[in-house]
Amino acid sequence: MLGAWERGGGQNPIDRGLTLLALACPELSADELAALSIGERDRRLLALRETVFGPRMTGVVACTRCAEPLEFDFDAADLRVTGTPGPLALRVDGYELELRLPDSRDLLACAATVPADAPAALMQRCVLSARIDGVAANAASLPPELVQEAAQCLAQADPQADMRFALQCASCGHSWKAPFDIVRFLWAELEVWAVRMLQDVHALAGAYGWAERDILALGSTRRRHYLRMLNA
Ligand SMILES: [Zn+2]
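Below you will find a few notes about this structure. Given the structure is predicted, the values throughout are model-derived calculations rather than measurements.

About the cut-offs
- Residues numbered from 1 in each chain as written.
- Predicted model: local features only at pLDDT ≥ 70, side-chain atom pairs only at ≥ 80, totals over all residues.
- Heavy atoms only, no water.
- Pairing = 2+ DSSP bridges.
- Helix = DSSP H or I, 4+ residues; strand = E, 2+ residues; numbered from the N terminus.
- Contact = heavy atoms within 4.5 Å.
- Axes fitted to C-alpha atoms, helices over the stretch in contact; angles between N-to-C directions.
- Donors = N, O, S within 2.8 Å, 3.2 Å for Na, K, Ca; no water.
- Tetrahedral: all angles 85-135°; square planar, octahedral: opposite > 155°, others 65-115°.
- Parallel < 35°, antiparallel > 145°, perpendicular 65-115°, else oblique.
- Left-handed = near helix turned anticlockwise from the far one by under 90°.

### Quick notes on the sheet that holds strand 5 (residues 127–132)
Phase 1 of the analysis: Taken in spatial order, the 4 strands line up as 3-4-5-6 in an open sheet, and their pairing is antiparallel. Where the open sheet ends on each side, the last strands, each with one partner, are strand 3 (89–92) and strand 6 (135–136).
Phase 2 of the analysis: Summarising the sheet, strand 3 and strand 4 (residues 95–99) pair through 4 bridges and their orientation is antiparallel. The residue of strand 4 that forms the bridge with L90 is L97.
Phase 3 of the analysis: Running over the sheet, helix 6 (residues 118–126) touches strand 4 and strand 5 and is turned about 85° from strand 5.
Phase 4 of the analysis: Helix 7 (residues 144–157) rests against strand 3 and strand 4 of the sheet, and its axis sits at about 145° to strand 3.

### Re the coordination of the zinc ion
In an ideal tetrahedron of four donors about a metal, each angle is 109.5 degrees. In an ideal octahedron of six donors, the angles are 90 or 180 degrees.
Phase 1 of the analysis: Within the protein, C63 (SG), C66 (SG), C169 (SG) and C172 (SG) serve as the donor atoms for the zinc ion, at 2.3 to 2.4 Å.
Phase 2 of the analysis: Its 4 donor atoms give the zinc ion angles of 105 to 114° at the centre, a pattern that matches the tetrahedral case.
Phase 3 of the analysis: All donor residues of the zinc ion come from one chain, and their arrangement in sequence is C-x2-C-x102-C-x2-C. Residue C66 is located in the loop between strand 1 (56–62) and strand 2 (69–75), and its partner C169 is located in the loop between strand 7 (164–168) and strand 8 (175–179); the two are separated by 103 residues in the primary sequence.

### Quick notes on the packing of helix 5 (residues 104–111) against helix 6
Two numbers describe a pair of packed helices, the interaxial angle and the distance between the axes.
Phase 1 of the analysis: Across the interface, helix 5 lies against helix 6 with an axial gap of 9 Å and an inter-helix angle of 140°. Judged on the interaxial angle alone, helix 6 and helix 5 are oblique. Taken as a pair, helix 5 and helix 6 cross one another with a handedness that is right-handed. Residue-level contacts link R105, D106, L107, A109 and C110 of helix 5 to A118, A121, L122, R125 and C126 of helix 6.

That is the geometry; function is a separate question.
Listed below in structure tokens is the structure:
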């Protein structure tokens, strides 16, 4: 986890998601991790979060109407999407599209484009084949309404990629569904954890002269007890 924290420090959010994902799935290669759909990535990161830091998710967000800070507190299970995903094919107005779910490679490729063009660029990458009245069509020149429908189709086929939780502001009564970014949330927690861990290493190394490697190899229970004795 400390290695992931060091690697992720200089990374963009998409690569950082992959660094965290490698912790969740050490058996998969970098290419295999990058090829997981965003919903699958987030499902696995949610499971990692539960294993490492527990199921309760707490934090603070600003009300989208009155900007009052609002504490949230919910269970990781509330974010888990179950049910049958939608199909990856679309038939509209003579068009037939075959689609695939976006993955981290797609997000990385589209991060380099102008933000306004990113949704269209992403869709273009995710169209496996396009036909109009049975004749092959160019995925780059589909009508914008169709591109929008295709984007909706992908969202329904991978609902875990868009996690939301319900909030109600105690000050103004406004209620809404806030998006939940598991990469950003988990990363913030990992940073807090890593800094605390280094402080523990610093205290124990200074007091006992132990090496960092040996201190990290101690279980958290033993580490906590030594620290308590130091602070007694
Ligand atoms: Zn409010």
